[in-house]
Amino acid sequence: MTQSVLSPASKFKLALIQLGGSANKQANLTKARSQVLEAAKQGANVVVLPECFNSPYGTNFFPEYAEKLSSSPSVDMLSSVAKEAGVYLFGGSIPERDEKDDDKLYNTLTVFDPSGKMIATHRKVHLFDIDVPGKIRFIESETLSAGDSLTHVDTKYGKIGVGICYDIRFPELAMVAARKGCVAMLYPGAFNLTTGPMHWELLQRARAMDNQMYVAACSPARDMTATYHAWGHSTVVDPKGMVVATCDEKETIVYADIDPEEVQSIRSSIPLYDQRRFDIYGDVAETVVIDENGNGVKKQ
Ligand SMILES: NC(=O)CCC(=O)C(=O)O
């Protein structure tokens, strides 16, 4: 049986910056910087920015806005403001250009500690390729490549797992993070006016409830003059699956007090971690296809 093992953790104040972006990269960096400083002024210890905060969200924009992490004005700004603000900064994501292969781009989150040191990166693992007829077609893989690893960040407040937007639809990320001792999953994201009202909050509550951990998702503010209309509604959900902080679609900062004791408390009273039956879930990591009789068969 699996025990619930938490990394040593302490209370902290989380801030989600629901940033109003534009097509002007420098203006986006300047605004993000001032909002991080504002969040720190309000007592935040851990600050999150939205997906693609330095760029409009669209496959045609990514090549133009992409930066190599080794020579990146966005990374430089994030590092310096994390230090100035004295916070852990989960720097949303930016289109990243591969160091060696100029044609390869990723959607990448960078994380900084309060000294400004980059302590983690996460490349979006599940690319947002969907087609809802008459509503929205978005194919991230037209210009982006997928990352191929999971990311768990050690902070002085405990271990924190991350994903980027569409990654939240894949429960395995949060499940693995919880089993590795993470107290929270943070997702910079940018849902839209079709899938946002359907699934944005539900997905966060589901990930939180299933894994008995905090879940937060940080969106850009909505801009109806942009080509992609973000849902907004940056939200924090507690380990019981209840929304503890949220907002509408406008530019704002959402704050929540995170108490890792709450994780321990729900895991003690509803002890899923001691009751799991990994002895009978053997198929879970196999890729299956559904055959003509409706049965799941192993993909060759
Ligand atoms: N940026 C994204 O990955 C969007 C994901 C999304 O909207 C969804 O419905 O999933």
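Residues numbered from 1 in each chain as written. Predicted model: local features only at pLDDT ≥ 70, side-chain atom pairs only at ≥ 80, totals over all residues. Heavy atoms only, no water.

Per an unreviewed UniProt entry, the recorded name for the chain is Carbon-nitrogen hydrolase, and the organism is Phascolomyces articulosus. One UniProt comment on the chain, placed under Sequence similarities (unreviewed entry), says "Belongs to the carbon-nitrogen hydrolase superfamily. NIT1/NIT2 family." (UniProt positions renumbered as here; feature names shortened; annotations may be inferred.)

### Considering the overall build of the chain
From N to C terminus, the chain includes seven helices and 17 strands. With the principal axes as the frame, the chain shows a C-alpha extent of 55 × 50 × 40 Å. Going through the 300 residues of the chain one by one, you find that 50% of them count as buried. For the chain, long-range pairs separated by at least 24 residues make up 68% of all intrachain contacts whose partners lie at least 6 apart in sequence. Carbon together with sulfur atoms contributes 51% to the accessible area of the chain, which is approximately 13600 Å² in total. (Helix = DSSP H or I, 4+ residues; strand = E, 2+ residues; numbered from the N terminus. Buried < 20%, exposed > 50% of the residue type's maximum accessible area, 1.4 Å probe, protein only. Contact = heavy atoms within 4.5 Å. Areas by Shrake-Rupley, 256 points an atom, 1.4 Å probe, with all protein chains shown as cover.)

### Observations regarding the site of the ligand
The full set of residues close to the ligand is Glu-51, Tyr-57, Lys-124, Phe-128, Cys-165, Tyr-166, Arg-169, Ala-190, Phe-191, Asn-192, Thr-195 and Tyr-228. At 2.8 Å from a nitrogen atom of the ligand is found a side-chain nitrogen or oxygen belonging to Tyr-57. Isolated, the ligand exposes 300 Å² of accessible area, and the fraction of that covered by the protein chains is 100%. Taken together, the residues of the shell around the ligand break down into seven nonpolar, two polar and three charged. (Near = heavy atom within 4 Å. Polar contact = N/O pair within 3.5 Å; in protein donor to acceptor, adjacent residues only side chain to side chain. Nonpolar A, V, L, I, M, F, W, Y, C, P; charged D, E, K, R; others polar.)

### Thoughts on helix α5 (residues 195-211)
A rise of 1.5 Å per residue sets the reference length of α5, with its 17 residues, at 24 Å; its end C-alpha atoms lie 23 Å apart and thus fit the reference within 8%. Those residues of α5 that fall on the buried side of the exposure criterion are Thr-195, Gly-196, Trp-200, Leu-203, Gln-204, Arg-207, Ala-208 and Asn-211. Looking one or two residues beyond α5, the residue adopting positive phi is Gln-212, at roughly 50°. (Expected span 1.5 Å × (residues − 1).)

### Considering the side chain of Gln-204
Examined against the element boundaries, Gln-204 turns out to sit in helix α5. The exposure class assigned to Gln-204 is buried, which follows from its relative accessible area of 0%. Here Ala-217 takes part through its backbone nitrogen, which lies 3.4 Å from a polar atom of the side chain of Gln-204. The contact partners of Gln-204, leaving out residues within four places of it in the chain, are Ile-168, Val-215, Ala-216, Ala-217, Thr-235 and Val-237.

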